[in-house]
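What follows is the residue order along each chain.
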Amino acid sequence: MTVAKVTIKKGREKPIRNRHPWVFSGAVSSAVNAVDGRLVTVVDHKDRFLARGYWNSKSQIQVRILSWEDEAIDDAWWRRMFSRAWGARVQNQARAGLPDNQACRIVNAENDYMPGLVIDRYGDCFVLQAQTLFIDRNKDKIANILHLHFDARHVFERSDIDLRRQEGLDPTVGALIGGPPPDSLILNEGALYHVDIVRGHKTGFYLDQRRNRQKLHDLVQSCASDSPPSLLNLFSYSGGFAIAAQRGSNLRAVNVDSSRAALELAEKNFALNEYDKRSSGASAEHIQADCFDYLRYCVGEGARFDYVVLDPPKFAGQKRQVARAARGYKDLNLKAFRIVKEGGYLMTFSCSGAVSRDLFHKIVFAALADSGRQAQIVEQISAAPDHPVALTFPEGEYLKGLLLRVY
């Protein structure tokens, strides 16, 4: 059997020994018998084993590491890795007090030591995202293992992300096992949500915000008053934060998104929970608008809200996009500070992997300074515990957030 071998330049092996999962092109001395989308053995300049991963010459990240042990990457390896990832979810969800594991992320790519692979579970429907060429070539095998290991009735592919283009791949959406998923899949998270696996954002729902929706609910409950509180939910998608906050309260929400389809899904979710038929008096307005423009309108009109949620899409996926992203985040947060009521709360996020937590804090601080307001950090928040971050892979912490009380 021909051995595919990638040799690392002298002095460039330290990140690999420290178990960082990426090998950039500048660290590669030579690649012998390496085929794009196939396994390779990674060695140092003295031909000593470092790791086993997969190769793509078209990518800036030429090797993504699967194991730092000299072991076979076979079906048994995949089953073992899935078992480990699932076991961690069961423990973490219970520790965090989340309701169940029927809706959660099972595999979080590099953070679960399976780079390029994301798997989300919605009951007996599993959604697979193949981000890289190697995973794309092995997705049918992975889907079959999921079917046998988890008794997955459906395995559906949502590989429609920009990252695939860097791997020389086109977007792909379709059933791998079991045909298309149900059109009316409903997720019970204390509140009820329609999940659109085929056309929805990400894999159909923002599972990473699960714990933060609960935090907002708890906050609204703890601050209950006779007069109905107000929430401005920007980049609202299917209304998740508003639906969670309204549970058991008389909160009046305004959901703003540029997508009509997203707002229609939010309207369906609001109707599904039947808040308008209950004595709480909760209500929701759904506005199609550019969120930057709508914030400017609110500032101009002197509008004030008890709670503001800023959960924009990714502004920067690469370092060259960070400066422009920082301007966008500052503009949003500056205007948000100006419309939060005295003693109200701002929950603000960045899901840009290229924007570090430290930088995001500095951006929000700069926005606060320009707003003339004061604010306290109530809590630093991040993704739900089913989205772990490998300690050796800080790039995996893509979702950063702050819960702020504003004066």
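Check the entry above for the structure.
Residues numbered from 1 in each chain as written. Predicted model: local features only at pLDDT ≥ 70, side-chain atom pairs only at ≥ 80, totals over all residues. Heavy atoms only, no water.

Caption draft 1: Here's a closer look at the pattern of salt bridges. The final tally for this structure, using the stated rule, is 30 salt bridges. Between Glu397 and Arg357 there is a salt bridge, with its nearest N and O atoms 2.9 Å apart. Linking Glu397 in the loop between β19 (375–382) and β20 (400–406) with Arg357 in helix α10 (residues 357–371), this pair joins segments that are 40 residues apart in sequence. Residue Glu397 is classed as partly exposed on the basis of its relative accessible area, which comes to 29%. By sharing partners, the salt bridges in this structure join Asp136, Lys139, Glu157 and Arg164 into a single network. (Salt bridge = Lys/Arg side-chain N within 4 Å of Asp/Glu carboxyl O. Helix = DSSP H or I, 4+ residues; strand = E, 2+ residues; numbered from the N terminus. Buried < 20%, exposed > 50% of the residue type's maximum accessible area, 1.4 Å probe, protein only.)

Caption draft 2: Local environment of α10. Here α10 spans 21 Å end to end across 15 residues, near enough to the 21 Å set by a 1.5 Å rise per residue. What α10 keeps buried is the set Arg357, Phe360, Ile363, Val364, Ala367, Leu368 and Ser371. Angularly, the buried residues of α10 cover 140° about the axis, an arc narrow enough to put them on a single face. Away from its buried face, by an angle of more than 90 degrees, α10 presents the exposed residues Lys362, Phe365 and Ala369. Elements in contact with the buried residues of α10: α9 (322–339), β18 (340–350), β19 and β20. Following α10 by one or two positions, Gly372 has its phi on the positive side, about 80°. (Expected span 1.5 Å × (residues − 1). Arc of directions from axis to C-beta. Contact = heavy atoms within 4.5 Å.)

Caption draft 3: Seen up close, the nonpolar core. Ranked by internal contacts, the top residues of the largest apolar core, which has 34 residues, are Leu232, Leu234, Val308 and Leu346. Within the residue set of this core, elements represented by two or more residues are β14 (230–234), β15 (252–257), α8 (291–301), β17 (305–310), α9, β18, α10 and β20. Per-element accounting of this core gives the leading share, nine residues, to α9. Ignoring any residue separated from it by four or fewer positions in sequence, one finds Val308 in contact with Leu231, Leu232, Leu234, Ala336, Ile339, Val340, Tyr345, Leu346 and Met347. (Core = buried A, V, L, I, M, F, W, Y, C linked by side-chain atoms within 4.5 Å.)

Caption draft 4: The state of the cysteines, seen in detail. Taken as a whole, this structure holds zero disulfides when the rule is applied. This cysteine, Cys125, is not joined by any disulfide, and Cys104 carries the nearest cysteine sulfur, 13 Å off. Given the relative accessible area of 1%, Cys125 is considered buried. (Disulfide = S-S within 2.5 Å.)

Caption draft 5: Geometry of the packing of aromatic side chains. Under the defined criterion, the tally for this structure stands at 15 aromatic pairs. Relative to Trp78, the ring of Trp77 has its centre 4.9 Å away and its plane inclined at 85°; by these criteria the two rings are edge-to-face. Of the two residues, Trp77 and Trp78, both sit in the buried class. Here the aromatic residues Phe292, Phe315, Tyr329 and Phe360 are joined through ring pairs into a cluster of three or more. The side chain of Arg213 reaches across the aromatic face of Tyr193, ending 5.8 Å from its centre. (Phe/Tyr/Trp six-rings, centres within 6.5 Å; stacked < 30°, edge-to-face > 60°. Lys NZ or Arg CZ within 6 Å of the ring centre and 35° of its normal.)

Caption draft 6: Main features of the sheet that holds β20. Taken in spatial order, the seven strands line up as β16-β15-β14-β17-β18-β20-β19 in an open sheet, and their pairing is mixed. Of all strands in the sheet, those with a lone pairing partner are β16 (283–288) and β19, marking the two edges. Adjacent strand axes in the sheet meet at a mean angle of 15°, parallel and antiparallel pairs treated alike. The sheet contact formed by β14 and β15 spans five bridges and is parallel. When the bridges of β15 are listed, Leu231 appears paired with Ala253. (Pairing = 2+ DSSP bridges. Axes fitted to C-alpha atoms, helices over the stretch in contact; angles between N-to-C directions.)

Caption draft 7: View of the side chain of Thr203. One can find Thr203 in the loop between β13 (192–194) and α5 (210–222). Judged by its relative accessible area of 1%, Thr203 falls in the buried class. Filtering out sequence-adjacent residues up to four positions away, Thr203 remains in contact with Asp120, Tyr122, Val127, Arg158 and Ile197.

Caption draft 8: Broad picture of empty space enclosed by the protein. All told, the structure shown has one cavity of 30 Å³ or more when counted by the stated rule. Considered as a void within the structure, the largest cavity measures approximately 40 Å³ in volume. In this structure, the largest cavity is lined by Pro181, Pro182, Asp183, Val195, Asp196, Ile197, Val198 and Arg199. When its residues are assigned to classes, the lining of the largest cavity shows five nonpolar, no polar and three charged. (1 Å grid on protein atoms, 1.4 Å probe; cavity = no way out; pocket = protein on both sides within 12 Å on 5 of 7 lines; lining within 4 Å. Points joined across faces, edges and corners; volume = space filled by probe spheres on them. Nonpolar A, V, L, I, M, F, W, Y, C, P; charged D, E, K, R; others polar.)

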